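# Descriptive analysis of the structure
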Amino acid sequence: QVQLVESGGGLVQPGGSLRLSCAASRSIFSINVMGWYRQVPGKQRELVARVTRGGTTTYADSVKGRFTISRDNAKNTVYLQMNSLKPEDTAVYYCNTYPPLTTYWGQGTQVTVSS
């Protein structure tokens with residue numbers, strides 16, 4: 001079992017940047033793939049990006065070229081650098097394993113992109 005705590009969200013103007021962090025309560029080295037997900041009210045949670053233990057990354061088409069996922073196994077932390085943000089990126093962002101484990105969902109962090 002691991003507890004995941006997301007942080008770094010906020011209100012940002014279109015075109016702006018944010019860096020999200022996901023701190024784990026124990027080592028994530030043994031977890032092969034970690035992911036960032038997002039959810040808009042009334043819609044299913046979707047995978048935004050994932051990263052393997054070795055650093056291989058995969059992105060949803062909607063964020064490719066704008067978002068960068070990374071992980072620091074020594075700090076038990078996963079990051080999501082978000083650049084060129086758009087209003088459609090507004091959502092609650094969560095981290096979890098990939099595929100996700102139900103008991104690992106945290107509270108998420110709200111990202112709002114608006115002028």
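Quick caveat: nothing in here was measured; it's all calculated off a predicted structure.

## What about the pattern of salt bridges?
- Applying the stated criterion to the full structure yields four salt bridges.
- Its salt-bridge partner being Asp89, residue Arg38 comes within 3.0 Å of it at the nearest N-O pair. Here Asp89 lies in the loop between β8 (77-82) and β9 (91-97) and Arg38 lies in strand β4 (residues 33-39), a separation of 51 residues in the sequence. Both residues of the pair, Arg38 and Asp89, belong to the buried class.
- A salt bridge links Arg66 to Asp89; the nearest nitrogen and oxygen atoms lie 2.7 Å apart. Here Arg66 is found in the loop between β6 (57-59) and β7 (67-72), whereas its partner Asp89 is found in the loop between β8 and β9, with 23 residues between them in sequence.

## Focus on the nonpolar core
- With 29 residues, the main nonpolar core has Trp36, Leu80, Met82 and Tyr93 as its most contacted residues.
- Those elements giving two or more residues to this core turn out to be β3 (18-24), β4, β5 (46-52), β7, β8, β9 and β10 (109-113).
- When residues in this core are grouped by element, the largest group, four residues, is from β3.
- Those residues in contact with Tyr93, other than ones at most four positions away along the chain, are Glu6, Leu20, Trp36, Tyr37, Arg38, Val48, Phe67, Leu80, Met82, Gly108, Thr109 and Val111.

About the criteria used
Residues numbered from 1 in each chain as written. Predicted model: local features only at pLDDT ≥ 70, side-chain atom pairs only at ≥ 80, totals over all residues. Heavy atoms only, no water. Salt bridge = Lys/Arg side-chain N within 4 Å of Asp/Glu carboxyl O. Helix = DSSP H or I, 4+ residues; strand = E, 2+ residues; numbered from the N terminus. Buried < 20%, exposed > 50% of the residue type's maximum accessible area, 1.4 Å probe, protein only. Core = buried A, V, L, I, M, F, W, Y, C linked by side-chain atoms within 4.5 Å. Contact = heavy atoms within 4.5 Å.

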